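# A structural walkthrough
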Amino acid sequence: MSGEFRRYLFPRDHPRLAGVRGLDAYAYREHARTPGTFTGGLVEGWTPLYLQEFRGVTSDGTLREGLYPLTPAEPGEEAPVAEMVAAATDLLDALSAEDRSRVCFPVDAPEWQTWANPEFMQFDTGLRLEFQPPEVREKALALVRASLSPEGYELLHAMMLINGFLGEVVDLPTVLNEFSYNIALYGTPDLRAPWGWQLFGHHAAVNCLVVEGRMQLSPVFLGAEPDEIDDGPRAGLRDVFADRIALGTRLMAALTDEQRARATVYAEMVDPAMPPGRVHPGDERHLAGAFQDNRVIPAEGVRVADLPAGARRLVLDIAETFVRLLPAGPRAARLREVEAHLGETWFSWIGGWQPGDVFYYRVQSPVLIAELDHHCGVFLDYRTPQPFHVHTVLRTPHGNDYGRAWVRQGQAGRT
């Protein structure tokens, strides 16, 4: 139901809002670090994870070799690299020498791993768009637009617009706005050599690398609270994750009772059977989010190869919605990669699967992790997950988040 989230608005003078009203991103950053607070605890827990050397997400702690050979893109699967190089050059030309030095990093820099999805800016990597002139903001988004599919850019931009709308609804425009995002460039824009960009902030984070005409787009985090805009000039934007949600419930409905029972690892979103720490204060049920670059995530649930053909097709359809940000060529390459490992793919579920239920699911293979999770309130007042607060995460396990497996192969070839 449109506008359902308005039932959960905090009073304007509630400490959750009043305590941060008027702070800009940098003042709120310091406020969020306060020891003993919810956000301070998140910062304390995440910071040491960033300092770890990147290896990649695995299912058992062992990196699998040979999954990502560094070969030129197949004909018809090329990324729009020329357009990306032109847009990146246009952005850099619009910056001062000081800002160019702030926005640019080596292609394998650890700063890739500073992205995060909360509203507070834990790491000020690159340039903060809200403090840039309109020309720079437009050129930054032009680079993003040149890199993604039209529908992918529309979805990412929707996260940014909804963030601004939430800031208007709760009267926190200096904390939550359309440009509360950092952008950074990695490597030197080039038609063949590896380089990329990163955009991150509240409920939206995308990491993009291209090399030899190929594109890697992960990690990706997209989320929304609420999942709509019901007022103002952009009213009517809603149900931004409807496809991912509907495909998940359709897949559960396509299973036999026995298969559904195996897929359901926990019946409740906060289940007494869960081990300590299974529900994280910030991430809740999703496992592959910010600062989890080296996490061990055991496969669980039901093996997709054991499912009927219609259910296997739905798993691929779910994967397609997660990689839809990719342009058509790289998307085809990515889906071919995912389908090649369908026999090693698992599907797991937490919660209910009837209309209106809240839930978590994960599709996991050697080359893809895709998660969707309904969350509790952050800037709205509810303590149990609601259908209008959604987090989604996409990862490339075994070391090719940030295209790092490709980058390392290229570096090894030059030594």
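### Considering the overall build of the protein
Within the protein one finds 12 helices and 12 strands. By the compact-globule yardstick of 22 Å for 415 residues, the protein fits well, its C-alpha radius of gyration being 21 Å. C-alpha extents for the protein along the principal axes are approximately 55 × 55 × 40 Å. For the protein, with 415 residues in total, the buried portion stands at 58%. Of all intrachain contacts in the protein linking residues separated by at least 6 positions in sequence, the fraction that spans at least 24 positions is 72%. Within the structure as shown, the protein displays about 16,400 Å² of accessible surface, and the carbon and sulfur contribution to it stands at 54%. Separation of charge centres in the protein, based on 39 positive and 56 negative side chains, amounts to 2 Å.

### Comments concerning the environment of His280
With respect to the helices and strands, His280 occurs in the loop between strand 7 (264-266) and strand 8 (302-303). When its relative accessible area of 26% is taken as the criterion, His280 is described as partly exposed. Placed 145 residues apart in sequence, His280 and Glu135 show a C-alpha to C-alpha distance of 39 Å. Dropping the residues within four chain positions of it, His280 is found in contact with Leu42 and Trp46. Within polar-contact distance, the side chain of His280 engages the backbone nitrogen of Asp283 at 2.9 Å.

### Some thoughts on helix 10 (residues 309-322)
Between its first and last C-alpha, helix 10 extends 20 Å over 14 residues, near the 20 Å set by a 1.5 Å rise per residue. When we look at burial in helix 10, the residues that qualify are Ala311, Leu314, Val315, Leu316, Ile318, Ala319, Glu320, Thr321 and Phe322. Elements that come into contact with the buried residues of helix 10 comprise helix 8 (242-254), helix 11 (328-340), strand 10 (359-365), strand 11 (368-374) and strand 12 (390-395).

### Things to note about empty space enclosed by the protein
Inspection of the entire model under this criterion finds two cavities of 30 Å³ or more. Around the largest cavity, the lining residues are Ala116, Pro118, Glu119, Phe120, Met121, Gln122, Arg128, Asn182, Phe200 and Gly201. Per-class residue counts for the lining of the largest cavity are five nonpolar, three polar and two charged. Its boundaries defined by the atoms lining it, the second largest cavity holds a volume of some 40 Å³. Across the lining of the second largest cavity, the residue classes break down as six nonpolar, one polar and one charged.

Definitions and limits used
- Starting afresh in each chain, residues are numbered from 1 along the sequence in its written order.
- Given that this is a predicted model, residues contribute local features only at a pLDDT of at least 70 and side-chain atom pairs are listed and counted only at 80 or more, while totals for whole chains, interfaces and linings are drawn from all residues.
- Calculated side-chain values reflect all of the structure's heavy atoms, with hydrogen atoms and water omitted.
- Each helix is a run of DSSP H or I of at least 4 residues and each strand a run of E of at least 2, with the numbering of both proceeding from the N terminus.
- Computation of the radius of gyration draws on C-alpha atoms alone. For the globule rule, the value is 2.2 Å times the number of residues to the power 0.38.
- Exposure categories follow from relative accessible area, calculated using a 1.4 Å probe and restricted to protein chains: below 20% of the type maximum is buried, above 50% is exposed, and the middle band is partly exposed.
- Contacts: residue pairs with any heavy atoms within 4.5 Å of one another.
- Only the protein chains shown count as cover for residues, and all accessible areas are computed by the Shrake-Rupley method using a 1.4 Å probe.
- All tallies of charge rest on Lys and Arg as positive and Asp and Glu as negative; His and the ends of each chain are not included.
- Taken as the charge location is NZ of Lys, CZ of Arg, CG of Asp or CD of Glu.
- Counted as a polar contact is a pair of N or O atoms within 3.5 Å, where, for protein atoms, one must be capable of donating a hydrogen and the other of accepting one, and residues adjacent in sequence contribute only when both atoms are in side chains.
- Each residue after the first adds 1.5 Å to the expected span of a helix.
- Buriedness for pockets is judged along seven lines, at least five of which must meet protein on both sides within 12 Å for an open set on the 1 Å grid over protein atoms alone, while cavities are sets there where a 1.4 Å probe fits but cannot get out, and lining residues have an atom within 4 Å of a point.
- Grid points are joined across faces, edges and corners, and a volume is the space filled by probe spheres set on the points.
- Throughout, the ten residues Ala, Val, Leu, Ile, Met, Phe, Trp, Tyr, Cys and Pro are labelled nonpolar, Asp, Glu, Lys and Arg are labelled charged, and all others, Gly among them, are labelled polar.

Geometry only, nothing functional implied.
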